[in-house]
Every structure is written in C-alpha cells, then in structure tokens.
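The primary structure of each chain is shown beneath.
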Amino acid sequence: MYRFLAILTFYRPFVVWSFIANAIIGFFNPLIAPALVTKLFLTVFAWYYVSETPNKRKLTFYKNLGISTLRLFSVIFILDCILTIIFITILKEFT
C-alpha cells in the first residue's frame, strides 16, 4: 500500500497538467480513444523529462522503494486514463 501512496505522491504535480490537457482535448475532440493516445504520448514525454533531466534523482527514491520506472509510469498512465475517461464522459453528458 505504501508503494501505491508513493506513486500517487509522484503523480501529484502532474494532476493539474493532466486536467488542463483533459479540458483542451475535451474542447476540441471529446472522444475517448484520441484522448488516451494523447495521454500515452504525454506519459512518455513525462518519462523522458524525468529520466533525462536533473529530476532523475526523484527516480532513485522510487527505485529504493522497489518501484521500477516502468511500473511507476504505467500506474501513472492507468490512473490518468481512468481520470480522463471519467472527465470526457462527464463532459459529453453536458454538451
């Protein structure tokens, strides 16, 4: 359970950017499949950003907890997909 909470702590700074991306995607094209592809691209970009900049030190903390980089970003992607699907579904209901 503490590993999941650690992943959520890592995901916290990305939540605001995720909701901004959801709003933009929902405004232009409120379909779930393109939104999830966009989120996959953004997750890969976040992985690249974190692993190739001085923020790499953050990954060392999660590796010490026994969380691999692949697991960290895959769980973040799954959480982001769930939030995106909920957001797009609610947005479709009101438009």
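Residues numbered from 1 in each chain as written. Predicted model: local features only at pLDDT ≥ 70, side-chain atom pairs only at ≥ 80, totals over all residues. Heavy atoms only, no water.

Engineer: Mind showing me how you'd approach the overall build of the protein chain here?
Structural biologist: Helix and strand content of the protein chain: four helices and zero strands. For the protein chain, the C-alpha atoms occupy an extent of roughly 45 × 30 × 20 Å along the three principal directions. Across the 95 residues of the protein chain, 27% fall into the buried class. With the model as given, the accessible surface of the protein chain reaches about 6500 Å², and the carbon-plus-sulfur share is 75%. (Helix = DSSP H or I, 4+ residues; strand = E, 2+ residues; numbered from the N terminus. Buried < 20%, exposed > 50% of the residue type's maximum accessible area, 1.4 Å probe, protein only. Areas by Shrake-Rupley, 256 points an atom, 1.4 Å probe, with all protein chains shown as cover.)

Engineer: Any chance you could explain the environment of S18 here in plain terms?
Structural biologist: As for its position among the elements, S18 is in helix α1 (residues 2–28). Judged by relative accessible area, S18 falls into the buried class, the value being 6%. Among all residues touching S18, those that are not within four sequence positions of it are Y11, K39 and D80. (Contact = heavy atoms within 4.5 Å.)

Engineer: Got a minute to help me understand the packing of aromatic side chains in this structure?
Structural biologist: Each aromatic ring pair is specified by the distance between its two centres and by the angle formed by the two planes. All chains considered together, the criterion is met by six aromatic pairs. With centroids separated by 5.8 Å and ring planes inclined at 55 degrees, the aromatic side chains of F10 and F14 adopt a geometry described as tilted. With a gap of four residues between them, F10 and F14 both fall in helix α1, about one helical turn apart. Using a relative accessible area of 27% as the deciding quantity, one classes F14 as partly exposed. Members of the aromatic cluster, connected to one another through ring pairs, are F10, F14, F61, Y62 and F73. (Phe/Tyr/Trp six-rings, centres within 6.5 Å; stacked < 30°, edge-to-face > 60°.)

Engineer: Which parts of the structure should I look at to understand the layout of surface pockets?
Structural biologist: The rolling of a water-molecule-sized probe over the atoms marks out the regions of remaining empty space. In this structure, the largest pocket spans a volume of roughly 320 Å³. Taken together, the elements giving at least two residues each to the lining of the largest pocket come down to α1, α2 (32–52) and α4 (69–94). When grouped by side-chain class, the residues that make up the lining of the largest pocket number twelve nonpolar, two polar and two charged. Roughly 190 Å³ of internal volume is contained in the second largest pocket. In terms of lining residues, the second largest pocket is bounded by T9, F10, P13, F14, W17, Y49, V50, N55, K58 and Y62. Listing elements by their share of the lining of the second largest pocket, those giving two or more residues are α1, α2 and α3 (56–64). If you tally residues by element for the lining of the second largest pocket, the top one is α1, at five residues. (1 Å grid on protein atoms, 1.4 Å probe; cavity = no way out; pocket = protein on both sides within 12 Å on 5 of 7 lines; lining within 4 Å. Points joined across faces, edges and corners; volume = space filled by probe spheres on them. Nonpolar A, V, L, I, M, F, W, Y, C, P; charged D, E, K, R; others polar.)

Engineer: Help me understand the nonpolar core, please; the structure alone is not making it clear to me.
Structural biologist: In globular proteins that are soluble, nonpolar side chains generally tend to be buried together. Ranked by size, the top nonpolar core spans twelve residues in total: A6, I7, F10, Y11, A46, V50, L59, Y62, I67, L72, F73 and I76. Sorting elements by how many residues they give to this core places α1 first, with four residues. When near neighbours in sequence (up to four residues on either side) are disregarded, L72 contacts I7, F10, L59, Y62 and I67. (Core = buried A, V, L, I, M, F, W, Y, C linked by side-chain atoms within 4.5 Å.)

Engineer: Sorry, what's going on with the side chain of D80 here?
Structural biologist: Position of D80 among the secondary structure elements: in helix α4. Apart from residues no more than four positions distant in its own chain, D80 is found in contact with Y11, S18 and K39.

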